[in-house]
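Observations on the three-dimensional arrangement
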Amino acid sequence: MKITKTTSLTNLFIGEKTNISLPRCDYSKYIAESLEKLRDKAPENATILNSLSFVLGIPEEMRNSFGEEETENKITKSEANDFVVGADKVESSFQKNDVSREEYLISFGMDTVVYATEANGFLMALSTLMTKTDSTGFTEQLIYDAPACSTRGYRVYLPGHETFDEFIECLDFLVYYKYNSIILEIGGAMEYKRHPLINEKWIEFCKDMNSKPGRADEVQLSQQWAKNSIHSENGDGEYLTQDECRVLAAECRRRGLEVIPECPTLSHADYICLAYPDLAERQNDPYPDTYCPSNPKSYEIVYDILDEVIEVFKPKAINIGHDEYYSVAICDKCRGKDPARIYADDVIKIKEYLDSKGVATYMWGEKLLKARYFNGMKIGGWADPEVWSGVTSTVPWMFRCADMLPQGITYLNWYWEFGDHLDDEYHSRQFPVLYGNFDAIRCKNYRQRINYGVKGGFVSNWGSCKKEYMQRNFQYFKLVNSAYAMWSDSYDSSDSEWLHEYTLDVLYKTFSSGIKNPIKVLHGANHSVKPQMFWCGRAIDNSVYMLGHYEVTYSDGTREYLPVKLGTNIASRNATEREIKEASYSTKAVKDGDKYLFEHLYENPHPEKEIKSITYLPEKGKEDIVVDYSFPEI
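Here's what I pulled together on the structure shown here.

Quick look at the sheet that holds strand β23 (residues 559-565) now. To summarise the sheet geometry, strands pair through backbone hydrogen bonds and adopt either a parallel or an antiparallel arrangement. Spatially, the three strands line up as an open sheet ordered β23-β22-β26, and their pairing is antiparallel. Looking along the sheet, the strands with just one partner apiece sit at the ends: β23 and β26 (611-618). Strand-to-strand twist in this sheet, taken as the mean axis angle between neighbours without regard to direction, amounts to 20 degrees. Where strand β22 (residues 546-554) lies against β23, seven bridges are found, and the strand directions are antiparallel. Bridging from a neighbouring strand, Thr553 pairs with Arg559 of β23.

Encoded structure:
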């Protein structure tokens, strides 16, 4: 972001008397709704803008007031050799991110004007209007901004009926942090009119996987071979109708989010194989997750699925999955064939079908890579022998498929943590690549790699979109830090410690801005539970994490009870960095000697009443867990 010198007018807000002139574009209604909410946030006695207008096109004299645009810091091939093996093979991967469609300029003053090159820029400017309002309001100045990465996305499951509204709130969070793309895993969680058996078996499967904590892990590890992780959180274990999916797609698009449906094919195909077990690659697997790519009937089903998804979502691109492919060349039809060829042929068939429909292809790209885990273990496109249920087995090596795959596929590289040199497996073949499962803070040599040709990335959510799960699975943390990096023209890995602290601070401010009548507490527990991720069937168990409640007694004798839940709104006095992150968003860690207390804001159920006292009441059986607490403003 570039800002001109600030002048005397400060703390300006959009208010009831502000005359708003909306842009004529697809996002006008959403912008109008968002600005109405900003009107309500203007504090008493604030200086209210006379007008706010939106204009298409950025005046050159305003753009020029920021000086000459700096030349992009591209690296040379010789410099690239310092961190990318085989960079001498690269011929045209040094491509500038196309970000002009989202650039904007805001002239702040009593008569504020928002300029954008294209309509998408108005949404990006809306984010700035919202964040300025949530802090101290506007200051008279010029602000120019443009992203550093053209694709900034989030990969999630479809919501269920109970979480649909929370999912919409999640979409608003993406707008607030200037994301522009969303991958929605479809799988068995959308109604299939041609194959209703898929939905029937999906619900049955998810009911089993979600029947008890750890059931999905139990099934995944139950056989003598590697199996796919289980996505029973998709659709909350149910499915949305096609009309509901259309509504969801429309909600995404009116927020400027390009919708990319993810249709898992070949692998993660449990939703297909459970409905049509004769298509399973392993006929002896009670929970098959891979279809036979040598059986023509597999493609009859796959193409029908793609047709229905295309008809509902009208996408420009579809992610065809293809990650975690383990059951390879097992059945009579596939046995003896080249595993890499099997994989590549399946991709080619599906890509050609999507091409015929005018839809581009995305896919997960780890099978192209000879990667190693941090301990040296082979992963991705090759593998070391592993023991499964007492039997040693090896997944066939697949990395040779990289030279068998066609142009025109965009790859999601979620192995960016395992070495910079792996980027070049895509660059050297002219394959467009984005980072998947992204977390900018953990990406080493970030600036160099983005300049080298990666166009951005997707933060990935493999759990529920419920707020509590979003927080405890570090989703808010990753979304905020990655948004900052992908919009900054200077952030690099050397700034990661600063970005870590900045993210924690921003998260709590974002949470706090949504609390209208706060009851502030400073508290910490002398108890901790080993942190874990709550996905693949793992739920947050209240019997483990609920410590007790605060009993709020009002002057009229009425009482309310506020939950005290470890990891959700309180953490250990001896919290590790990971525990601090888990509780971030709803809490702020405050140093208390050599320990921590955690600030949290409860919404006061009765702000019109006077609070007489607040007392902590532990859960039965947890009386020995000490909770230190104070309510500094009461």
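Judged by how many residues are buried, strand β6 (residues 104-108) sits mostly within the fold: five of five residues are covered. Side-chain alternation along β6 places Tyr104, Ile106 and Phe108 on one buried face and Leu105 and Ser107 on a second face that is also buried. By the bridge criterion, four bridges tie β6 to strand β7 (residues 111-116) in an arrangement that is antiparallel. Residue pairing in the sheet places Ile106 in a bridge with Val114 of β7. If you look at the hairpin formed by β6 and β7, you'll find two residues sitting between the two strands. Where β6 meets strand β8 (residues 141-145), five bridges bridge the pair, whose relative direction is antiparallel. In the strand pairing of β8, Phe108 is matched with Gln141.

Summed over all chains, the structure comprises 46 salt bridges. The partner of Asp505 in a salt bridge is Lys509, with the nearest N and O atoms 3.2 Å apart. Placement of both Asp505 and Lys509 in helix α16 (residues 496-513) is noted, with a separation of four residues, approximately one turn of the helix. Taking the relative accessible area as the measure of exposure, Asp505 reaches 34% and is therefore partly exposed. A relative accessible area of 55% places Lys509 in the exposed class. Among the charged side chains, a network of salt bridges with common partners joins Glu33, Asp172, Glu251, Arg254 and Arg255.

Rules of the game
Residues numbered from 1 in each chain as written. Predicted model: local features only at pLDDT ≥ 70, side-chain atom pairs only at ≥ 80, totals over all residues. Heavy atoms only, no water. Pairing = 2+ DSSP bridges. Helix = DSSP H or I, 4+ residues; strand = E, 2+ residues; numbered from the N terminus. Axes fitted to C-alpha atoms, helices over the stretch in contact; angles between N-to-C directions. Buried < 20%, exposed > 50% of the residue type's maximum accessible area, 1.4 Å probe, protein only. Salt bridge = Lys/Arg side-chain N within 4 Å of Asp/Glu carboxyl O.

Keep in mind these numbers describe shape, not what the thing actually does.
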